[in-house]
Amino acid sequence: MASTLTVAGDLAGAPRVEDWVRRSAERHQAKEVLRIGARPVSHAELMGTADRWARVLRTAHPHGEPRSIGLLSDRTLTGYTLATLCAGATVCPLGPDLPSDRLVALLRDHPLDALITLVDRDSTTAQGARDRPSETAYVMFTSGPTGCPKAVPIPHANVLSFLTAVRYRYDFTASDVFSQTFGLTFDLVYFDLFVAWT
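Residues numbered from 1 in each chain as written. Predicted model: local features only at pLDDT ≥ 70, side-chain atom pairs only at ≥ 80, totals over all residues. Heavy atoms only, no water.

## Here's the deal with the pairing of strand β1 (residues 32-36)
As paired elements, β1 and strand β2 (residues 39-42) share 4 bridges and run antiparallel to each other. Its bridge partner being in β2, Glu-32 is matched across the sheet by Ser-42. Count of turn residues in the β1/β2 antiparallel hairpin: 2 residues, of which Gly-37 carries a positive phi of about 65 degrees. (Pairing = 2+ DSSP bridges. Helix = DSSP H or I, 4+ residues; strand = E, 2+ residues; numbered from the N terminus.)

So, in structure tokens, the structure goes:
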């Protein structure tokens, strides 16, 4: 007999990943959601930082609507994954240890509107809303059988369907801790990030 997965309570109807994160942040504002080194980061701080950087990203783009933003980073910039989503753009994680020819090939397959490599925490003055956000949450690159990198877009709907199934299968709470030991280019990092944040 098949069972139907339903999203519990106030998460029903949220169309995008960042909406789920925002709702979780509203419920658990002071609760630690991640730790960068020894420094704890609360839900409220993560969401506030993501919203400020989302405004910067939208304002810095010549048309105010970046479609795809690259993160050339290890896992220390995980909050900018959320900022990119809040800007309405697709997250494109790129490994900082990749050879330059591999990065060039990846960017040929999936051109970017912006690339985040190093961020100044005090540049948070822009404001604005996105009219047509990207339907793609993030892009993963896979080499497949040819060895050539290919961009695989992961839509918000797929991420939310996955999160719904995870919530149905496991009884995670705001007290659970996730490892987040993966680099941003490894697909399991999004389980750790999105499940912890939502």
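On we go.
## A look at the confidence of the model for the protein
Within the protein, residue pLDDT values average 76, and 80% of them lie at 70 or more. By mean pLDDT, the top-scoring element of the protein is helix α1 (residues 17-27) (90), and the lowest-scoring one is helix α3 (residues 78-86) (78). Here residues 1-12 is a poorly scored stretch, pLDDT under 50, and it has 17 contacts once near neighbours within four places are set aside; other chains count. Counting interchain partners and residues more than four positions distant, the pLDDT-below-50 stretch residues 119-130 has 27 contacts. (pLDDT = per-residue confidence, 0-100. Contact = heavy atoms within 4.5 Å.)

## Regarding the pairing of strand β6 (residues 136-142)
Summarising burial for β6: 6 of the 7 residues are buried, a large majority. Relative to strand β7 (residues 150-155), β6 runs antiparallel, the two sharing 6 bridges. Paired with Val-139 across the strands is Pro-153, a residue of β7. (Buried < 20%, exposed > 50% of the residue type's maximum accessible area, 1.4 Å probe, protein only.)

## Regarding the packing of aromatic side chains
One pass over the full model with this rule turns up 5 aromatic pairs. An aromatic cluster is built from Phe-162, Tyr-170, Phe-172 and Phe-191, whose rings are joined through pairwise contacts. (Phe/Tyr/Trp six-rings, centres within 6.5 Å; stacked < 30°, edge-to-face > 60°.)

## With respect to the environment of Ala-89
By the secondary structure assignment, Ala-89 is in the loop between α3 and β4 (90-94). Once the C-alpha coordinates of Ala-89 and Gly-70 are considered, the two residues, 19 residues apart in sequence, prove to be 9.9 Å apart.

## Details of the nonpolar core
Among the nonpolar cores identified, the biggest contains 42 residues, and Val-17, Leu-82, Tyr-138, Val-159, Tyr-190, Phe-194 and Trp-197 are the most heavily contacted of them. For this core, the secondary structure elements donating two or more residues are α1, β1, α2 (43-60), β3 (68-72), α3, β6, α5 (156-169) and α6 (188-197). Residues in contact with Val-17, not counting those within four places in the same chain, are Leu-85, Ala-137, His-156, Val-159, Leu-160 and Phe-194. By size, the runner-up hydrophobic cluster in this structure holds 6 residues, among which are Cys-92, Leu-94, Leu-106 and Val-139. (Core = buried A, V, L, I, M, F, W, Y, C linked by side-chain atoms within 4.5 Å.)

## Observations concerning α6
Within α6, 8 of the 10 residues are buried, which leaves it mostly tucked inside the rest of the structure. When we look at burial in α6, the residues that qualify are Val-189, Tyr-190, Asp-192, Leu-193, Phe-194, Val-195, Ala-196 and Trp-197.

## Here's the deal with the environment of Glu-26
In this structure, Glu-26 sits in helix α1. Taking the C-alpha atoms as reference points, Glu-26 and His-43, 17 residues apart in sequence, are found 7.9 Å from one another.

## Describing the pattern of salt bridges
When charged atoms on two side chains of opposite charge get close, those side chains can pair. Tallied over the entire structure, the rule returns 3 salt bridges. Close ionic contact of Glu-18 with Arg-16 constitutes a salt bridge, the shortest N to O distance being 2.5 Å. Residues Arg-39 and Glu-45 are paired through a salt bridge, measuring 2.9 Å at the closest nitrogen-oxygen approach. Overall, Arg-39 belongs to the partly exposed group, its relative accessible area being 32%. The exposure class of Glu-45 is partly exposed, given its relative accessible area of 30%. (Salt bridge = Lys/Arg side-chain N within 4 Å of Asp/Glu carboxyl O.)

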